[in-house]
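Now for the letters of each chain:
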Amino acid sequence: MNKKILVTGCVLGLIAIVIGAFGAHGLKSIISIESQQSFETGVRYQMYHALFLLFIGSYSALNQKAKKIIFYLVLFGVLFFSGSIYGLATNELSGFDFKQIGFITPIGGLLLIMAWFILLINFLKTKTDKS
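The rules behind the values
Residues numbered from 1 in each chain as written. Predicted model: local features only at pLDDT ≥ 70, side-chain atom pairs only at ≥ 80, totals over all residues. Heavy atoms only, no water. Helix = DSSP H or I, 4+ residues; strand = E, 2+ residues; numbered from the N terminus. Expected span 1.5 Å × (residues − 1). Polar contact = N/O pair within 3.5 Å; in protein donor to acceptor, adjacent residues only side chain to side chain. Phe/Tyr/Trp six-rings, centres within 6.5 Å; stacked < 30°, edge-to-face > 60°. Buried < 20%, exposed > 50% of the residue type's maximum accessible area, 1.4 Å probe, protein only. Core = buried A, V, L, I, M, F, W, Y, C linked by side-chain atoms within 4.5 Å. Contact = heavy atoms within 4.5 Å. Patch = residues over 30% accessible without salt bridge, like charges linked within 9 Å, V, L, I, M, F, W, Y side chains within 5 Å. Areas by Shrake-Rupley, 256 points an atom, 1.4 Å probe, with all protein chains shown as cover. Salt bridge = Lys/Arg side-chain N within 4 Å of Asp/Glu carboxyl O.

Here we look at helix 3 (residues 64–89)
Each full turn of the α-helix corresponds to 3.6 residues, which orients residues three or four apart in the same direction.
So, step 1. The terminal C-alpha atoms of helix 3, which comprises 26 residues, lie 36 Å apart, in line with the 38 Å expected from a rise of 1.5 Å per residue.
So, step 2. Here helix 3 starts with a cap whose side-chain oxygen sits 3.1 Å from the backbone nitrogen of K65, and that cap is N63.

Written out as structure tokens, the structure is:
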């Protein structure tokens, strides 16, 4: 599971850099400033969670069940949150109206929040030494 989490974190990070560069250079002249800012938000959250997965995959004190749950919450959270933001920000360039599926953005955000909450719960349950 750790390798899967680490590879996914790397892939999400790589894609965030590529999409971010595309947004900064390729979309700059064809979408509004507001849409560019939304697009950048999607990229930023994707990168945050790519790094989060790298931490989760490397952190040995976290049990495999918690890692698996966090992994899937982050994966679907990024797909729903960042993915829908990319679609909404570039909506005017597509034949598909992404506003119809805009409701998945907050669902994705909730999944990401849940992943962090599960990590917090696991940290609180961990016994620490008193040194």
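Some words on the packing of aromatic side chains
So, step 1. With the rule as written, the count across this model stands at eight aromatic pairs.
So, step 2. Taking the centre distance of 5.2 Å and the plane angle of 55 degrees together, the rings of Y45 and F81 count as tilted. You can see Y45 sitting in helix 2 (residues 33–58) and its partner F81 sitting in helix 3, a full 36 residues away along the chain.
So, step 3. With a centroid separation of 5.1 Å and 25 degrees between ring planes, the pair formed by F55 and Y59 is classed as stacked.
So, step 4. You can call F55 partly exposed: its relative accessible area is 35%.
So, step 5. Residue Y59 is classed as partly exposed on the basis of its relative accessible area of 24%.
So, step 6. Among the aromatic residues, ring-to-ring pairing joins Y45, Y48 and F81 into one connected group.

Things to note about the environment of R44
So, step 1. Within the element layout of this structure, R44 appears in helix 2.
So, step 2. For R44, a relative accessible area of 38% puts it in the partly exposed group.
So, step 3. As for R44 and A16, which are separated by 28 residues in sequence, their C-alpha atoms are 7.7 Å apart.

Concerning the nonpolar core
As a rule of thumb, nonpolar side chains are buried together in soluble globular proteins.
So, step 1. The biggest cluster of nonpolar side chains holds 19 residues, and the ones touching the most others in it are F52, I56, I70 and V74.
So, step 2. At eight residues, helix 3 tops the list of elements feeding residues into this core.
So, step 3. When neighbours within four sequence positions are excluded, I70 is seen to be in contact with F52, I56, L62, A115, I118 and L119.
So, step 4. Counting residues in hydrophobic clusters, the runner-up holds seven residues, among them A16, F39, Y86 and A89.

So, a nonpolar patch on the surface
So, step 1. Side chains of M1, Y72, F76 and L79 sit close together on the surface and give an oily, nonpolar patch of about 350 Å² of accessible area.
So, step 2. As for its position among the elements, L79 is in helix 3.

A short note on the side chain of T90
So, step 1. With respect to the helices and strands, T90 occurs in the loop between helix 3 and helix 4 (104–125).
So, step 2. Within polar-contact distance, the side chain of T90 engages the backbone oxygen of Y86 at 2.7 Å.

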